[in-house]
Amino acid sequence: MSELHKFLFDGLPVRGMIVRLTDAWQEILARRASNTATGAYPPPVAELLGEMTAAATLMQSNIKFNGALILQIFGDGPVKVAVAEAKPDLSLRATAKVIGDLPADAHLPDMVNVNNKGRCAITLDPKDKLPGATPYQGVVPLFGDDGEKLGKLSDVLQHYMLQSEQLDTTLVLAADDKVAAGLLIQRLPVKGEGNLEGTSGTSDKDHDQANEDQIGRNEDYNRISILASSLTRDELLTLDVETILRRLFWEEKLLRFEPQAGLQGPHFACTCGRERVAQMIRGLGVEEAESILAERGDIEVGCDFCGKQYRFDAVDAAQLFTPLGDQIPGSPVVQ
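Engineer: I tried to follow the packing of helix 1 (residues 23–33) against helix 2 (residues 43–61) on my own but got confused; where do I start?
Structural biologist: Angle between the axes and distance between the axes: these two values describe a pair of packed helices. For the pair helix 1 and helix 2, the least separation of the axes is 11 Å and the interaxial angle reads 140°. Here helix 2 runs oblique to helix 1, going by the angle between their axes. Both helix 1 and helix 2 take part in a crossing whose hand is right-handed. Mapping the contact onto sequence places Trp 25, Ile 28 and Leu 29 in helix 1 and Ala 46, Leu 49, Gly 50 and Thr 53 in helix 2. For the contact of helix 1 with helix 2, a count of residues per class yields 5 nonpolar, 2 polar and no charged.

Engineer: For this particular structure, what's the right way to read the sheet that holds strand 4 (residues 79–86)?
Structural biologist: Strand pairing in a sheet takes place through backbone hydrogen bonds and is either antiparallel or parallel in direction. Taken together, 6 strands build an open sheet; the order of strands is 7-6-3-4-5-12 and the sheet is mixed. In this open sheet, the two strands that pair with only one neighbour each are strand 7 (136–141) and strand 12 (267–268). Relative to strand 6 (residues 119–126), strand 3 (residues 67–74) is paired through 8 bridges, and the arrangement is antiparallel. Note that in strand 6 the partner of Leu 71 across the bridge is Ile 122. Sheet strands in contact with helix 2 are strand 3, strand 4, strand 5 (91–98) and strand 6, and its direction is about 35° off that of strand 4. Taken strand by strand, helix 4 (residues 153–165) contacts strand 3, strand 6 and strand 7, and its axis lies near 125° from that of strand 7.

Engineer: Can you walk me through the pattern of salt bridges in this structure?
Structural biologist: Close approach of charged atoms allows side chains of opposite charge to pair. The full count for this structure, using the stated rule, is 13 salt bridges. Across the salt bridge formed by Glu 252 and Arg 223, the nearest N and O atoms sit 3.0 Å from each other. Of this pair, Glu 252 sits in the loop between helix 8 (241–249) and strand 10 (254–256) while Arg 223 sits in helix 6 (residues 219–229), and the two are 29 residues apart along the sequence. Via salt bridges that share partners, Asp 220, Arg 223 and Glu 252 belong to a single interconnected network.

Here is what the cut-offs are and how they apply
Residues numbered from 1 in each chain as written. Predicted model: local features only at pLDDT ≥ 70, side-chain atom pairs only at ≥ 80, totals over all residues. Heavy atoms only, no water. Axes fitted to C-alpha atoms, helices over the stretch in contact; angles between N-to-C directions. Helix = DSSP H or I, 4+ residues; strand = E, 2+ residues; numbered from the N terminus. Parallel < 35°, antiparallel > 145°, perpendicular 65-115°, else oblique. Left-handed = near helix turned anticlockwise from the far one by under 90°. Contact = heavy atoms within 4.5 Å. Nonpolar A, V, L, I, M, F, W, Y, C, P; charged D, E, K, R; others polar. Pairing = 2+ DSSP bridges. Salt bridge = Lys/Arg side-chain N within 4 Å of Asp/Glu carboxyl O.

Put into structure tokens, the structure is as follows:
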């Protein structure tokens, strides 16, 4: 099962998390691959989307926020947009829109930042928004302070965290067709509980200034960051969490929290469903539904987000417009 591990470095102003997405990530890829209209993601896109999904999980788990965290990458390359969403219960979904071909060894700049116009947006969408309220959103470019293109998603997000929280952050991300994983190490805020919304101690200004003054200066964080950065892609994808922590931090005293797995941990969930599609078909009306059936033989609807396809044959469609008491058993086919 997918799992999330949180830990603190005893006596040090440093916290950490490791996420390993297995079944949740495989479900995301399987839904897309089974879509006859789109097919599977190209390997470089799948790797980027897996890293985004792992990062969204880590960032959602790192804040106290009752709502969805939405991580988006968009720009001027073949990948027009890639999105990963993590909710407070750690339910996850992700998608990407690709136009054109990609080389097998494409990297982040090749996919979304060809002319250095790519952007990364992180949106916090409250679960219970007040009327007229808008979600919080932060946007950063896909280049560094000197205008250089950033080659990895982890570099982009570390830059974002410095700007939004004034907190040193180290991210190691990796994904393949089986696992999407991430390690996050972060210096604890000087005052208050820093998060993406900028909550503060004495005041927002004091909080931000105190944290900014400590950027790059904490020796304990710097030491642990160097250790974390030594973790390779293959190690992150193949080693279990216990082995990773022992290899990296065997000289440090860790305070571990109970791992989160199953429905209490990261898991796939999309808002689409057969009944929602049925309601949409009912909204088309009998004549339109019959017209589609006459032309195609069935009615096929794919979820724009996860890619899952729902098919209704003539019997299924007829039942949608038949009173409940007069219905006969329909086709169970769902693809």
